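# Survey of secondary and tertiary structure
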Amino acid sequence: MFELVKGTQAASLYIAKEADDFAGLSHVAEKIQKDIELVTGVAPKICDAMPEGYSIIPGTIGKNPVIDEMIANGKLNVSQLDGKRESYALCLVDGDKLVIAGTETVATLHGMYHISEKIGVSPWVYWGDAIPRKQAEIVWDESIEFTSKEPSVKFRGFFMNDEWPSLGNFVMNTFGDFNVKFYDRVFDELHRYGIEPVVTLSHYETPLYLVQHYGSWRNRALIDFFARYCETVFRRYKGKVRYWMTFNEINETMNQAEPYHQAGVLFTEGEDHNAVKALVSHNMFLASAKAVQIGHAIDPENKIGCMIQYPTTYPRTCAPKDVLAQRFQMMPNYYYTDVMCRGHYTSLCTAQLRRMGTSVEMQPGDAELLAAGAVDYIAFSYYFSSVARATEETDCCVERSNPYLERTAWDWPIDPDGLRIALNELHDRYELPLFVVENGLGAIDTVEPDGSIQDDYRIRFLGSHINALRQAIELDDIPVIGYTCWGPIDIVSVGTGEMRKRYGFIYVDKKDDGSGTLARKKKKSFEWYKKVIASNGADTAL
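Summarised in this report is the structure supplied together with it. (Residues numbered from 1 in each chain as written. Predicted model: local features only at pLDDT ≥ 70, side-chain atom pairs only at ≥ 80, totals over all residues. Heavy atoms only, no water.)

## With respect to the overall build of the chain
Summing up its helical and strand segments, the chain has 16 helices and 20 strands in all. Sorting the 542 residues of the chain into buried and exposed places 55% on the buried side. When contacts within the chain are restricted to residue pairs at least 6 apart in sequence, those whose partners lie at least 24 apart make up 70%. If you sum the accessible surface of the chain, you get close to 22,700 Å²; carbon and sulfur atoms cover 51% of it. (Helix = DSSP H or I, 4+ residues; strand = E, 2+ residues; numbered from the N terminus. Buried < 20%, exposed > 50% of the residue type's maximum accessible area, 1.4 Å probe, protein only. Contact = heavy atoms within 4.5 Å. Areas by Shrake-Rupley, 256 points an atom, 1.4 Å probe, with all protein chains shown as cover.)

Right, dumping it as structure tokens:
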């Protein structure tokens, strides 16, 4: 395997500036050259075409042996290649020579592509965006260090995920030691600064091989594959990670029309969609329960939770049919927490299955596994609330048009009281500790002539939600483990694929058209959030 290490000969490193389909790489060739030189101490050669003996292998799934091998080895996941199967990016290792080239002909909202096993460094990330075009940006992470100096803001927790596909082939029960070392370094670095890692075991990343060859979570075989993966990371990171979550926003499996990102499901012609959603959810419940049992056996200090997207919902009016509509909206969400927290299918669950016109077939041992694998806490994301009403056409119509609430630039209601209500509703129902792991404001930030970014709107949004959180703790006696915002630094928005929809306290100079230097600067909210952390949420004043 080629490894970028100090002393690598410059003659063996090449970057193609233009080659066939890869002309889009030319605008980042110089950046890649500088980044590799920073790591290795030598500068790669930039060439207009590949030198003799090198080759570029463009292609899509089923046409590219390099890509196909990576899928077979479990190195790609469903969030990295979209349903059209046309996105690709690649590198080719030829002996001790490295050729880097890449593009995405059809970008996806989750357009990441990790190929660290092939090039021996971690991570090279190929980013796409929401606009199909022949252009890709390669982001080189030359260091895991969060800062080379004393941190200027003292985070207490870091919400992240282990990437299931990159850590090993859990069909063949092999383990990718190289990629695991990346996470070793991340956790060591976090602990060096006293930051508690909070890890999601599967964050929209079912391995693509399991999707293509096993039918994804339709197949009970994935239960044991997931269990092997969990056992591996639980053992590897015993004492380094205490807070785990099994599946990110698992309730979106039922809420999405086609839960490809959530559960690796693309419906086939003639399939009963609701039956498939119930089946894959059941298998994910069993996998989560196994993970809880394994995690507790390996380290009794482990706290393993479920994670949902919580949709606080109000009846549109006090009309009884609207109140029922609110209940119908919440049923598919409580369906998941009922099973994972209570350890069995409740009357709400069976009623929801009846509404869907389907059922779940329990196999011997399933009930016992669910009961023994109930989670320790509930983590959730909260961004906005909704309203529900009954109409002549349906008993549940959900809207975001609440006249009592202000709205964001993306038309999301701003409802801090909805967070307090969410915390109370969840604890009243389950009496488990709660963890708010996602909450934030996507907004357009403006760099002022003096270079400052006066994001008072973000401070007001986060401050009001943190105040609501404190009210739930201090006035309602709700046990809350913690709060992590989405997110500390500007990244491409998952929901819209835009860079201009910014969430961070740190501004990144990057535009939707690809321009920008990637330079970072603090926004006004940075110093504000530093104060919030230091006061444990007591001081949220602007």
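## Describing the packing of helix α14 (residues 416–430) against helix α15 (residues 456–474)
Across the interface, α14 lies against α15 with an axial gap of 8 Å and an inter-helix angle of 30 degrees. The pairing of α14 with α15 is recorded here as roughly parallel in orientation. In this structure, the crossing between α14 and α15 has a hand that is right-handed. Residues Pro416, Leu419, Arg420, Leu423 and Asn424 of α14 touch α15, and the partners they reach there are Ser464, His465, Ala468, Leu469, Gln471 and Ala472. Along the lines of polarity and charge, the residues of the contact of α14 with α15 split into six nonpolar, four polar and one charged. (Axes fitted to C-alpha atoms, helices over the stretch in contact; angles between N-to-C directions. Parallel < 35°, antiparallel > 145°, perpendicular 65-115°, else oblique. Left-handed = near helix turned anticlockwise from the far one by under 90°. Nonpolar A, V, L, I, M, F, W, Y, C, P; charged D, E, K, R; others polar.)

## Examining α15
Taking 1.5 Å as the rise per residue, α15 with 19 residues should run 27 Å; its terminal C-alpha atoms sit 26 Å apart, in good agreement. The complete set of buried residues in α15 reads Asp456, Arg458, Ile459, Phe461, Leu462, Gly463, His465, Ile466, Ala468, Leu469 and Ala472. Taken together, the buried residues of α15 touch α14, β17 (434–438), β18 (480–483) and α16 (524–534). (Expected span 1.5 Å × (residues − 1).)

## Describing the pairing of strand β11 (residues 243–247)
Among the five residues that make up β11, five are buried, leaving the element largely enclosed by the rest of the structure. Taken together, the three bridges between β11 and strand β12 (residues 303–309) define a ladder with parallel strand orientation. Across the sheet, tyrosine 243 pairs through a bridge with lysine 303, a residue of β12. (Pairing = 2+ DSSP bridges.)

## Section: the sheet that holds strand β14 (residues 377–381)
Taken in spatial order, the seven strands make up an open sheet running β7-β10-β11-β12-β14-β17-β18, and their pairing is parallel. Looking at which strands have only one partner, the edges of the open sheet turn out to be β7 (157–161) and β18. Neighbour to neighbour, the strand axes of the sheet diverge by 25 degrees on average, direction disregarded. On the sheet, helix α10 (residues 273–298) packs against β11 and β12 and is oriented at approximately 160 degrees with respect to β11.

## Quick notes on the pairing of β14
Burial of β14 is extensive: five of the five residues sit out of reach of the surface. Neither face of β14 is exposed, since Tyr377, Ala379 and Ser381 on one face and Ile378 and Phe380 on the opposite face are all buried. When β12 meets β14, the two strands line up parallel, connected through five bridges. Considered in β14, the bridge of methionine 307 is made with alanine 379.

## A closer look at the packing of helix α11 (residues 320–342) against α14
Angle between the axes and distance between the axes are the two parameters that describe a pair of packed helices. It is the contact of α11 with α14, at a shortest axis distance of 11 Å, that shows an interaxial angle of 45 degrees. The pairing of α11 with α14 is recorded here as oblique in orientation. For the crossing formed where α11 meets α14, the hand is right-handed. Every residue of α14 that contacts α11 at Tyr334, Thr337, Asp338, Cys341 and Arg342 is listed here: Glu425, Leu426, Arg429 and Tyr430.

## Regarding the side chain of glutamate 189
The topology assignment puts glutamate 189 in helix α5 (residues 177–192). On the basis of relative accessible area, glutamate 189 is assigned to the buried category, the value being 9%. Separated by 2.8 Å, the side chains of glutamate 189 and arginine 192 make a polar contact. (Polar contact = N/O pair within 3.5 Å; in protein donor to acceptor, adjacent residues only side chain to side chain.)

## Looking at empty space enclosed by the protein
A full pass over the atoms with the stated rule returns five cavities of 30 Å³ or more. Tyr383, Thr408, Trp410, Trp412, Pro413, Gly440, Leu441, Gly442, Phe461, Lys501 and Tyr503 are the residues that line the second largest cavity. Of the residues contributing to the lining of the second largest cavity, the split by class is seven nonpolar, three polar and one charged. (1 Å grid on protein atoms, 1.4 Å probe; cavity = no way out; pocket = protein on both sides within 12 Å on 5 of 7 lines; lining within 4 Å. Points joined across faces, edges and corners; volume = space filled by probe spheres on them.)

## Notes on helix α12 (residues 347–356)
For α12, the complete set of buried residues consists of Leu348, Cys349, Gln352, Leu353 and Met356. Projected down its long axis, α12 shows its buried positions confined to an angular sector of 140 degrees, all on one face. Exposed positions of α12 whose direction lies more than 90 degrees from the buried face are Ser347 and Arg354. For α12, the elements touching its buried residues are α8 (252–255), α10, α11 and α14. Phi turns positive, to about 75 degrees, at glycine 357, one or two residues after α12. (Arc of directions from axis to C-beta.)

## Quick notes on the packing of aromatic side chains
Evaluation of the coordinates by the stated rule reveals 25 aromatic pairs. Measuring from ring centre to ring centre gives 6.4 Å for tyrosine 209 and tyrosine 214, while their planes differ by 55 degrees; the resulting arrangement is tilted. A relative accessible area of 25% places tyrosine 214 in the partly exposed class. With a centroid separation of 6.3 Å and 85 degrees between ring planes, the pair formed by tyrosine 243 and phenylalanine 435 is classed as edge-to-face. Residue tyrosine 243 is located in strand β11, and its partner phenylalanine 435 is located in strand β17; the two are separated by 192 residues in the primary sequence. (Phe/Tyr/Trp six-rings, centres within 6.5 Å; stacked < 30°, edge-to-face > 60°.)

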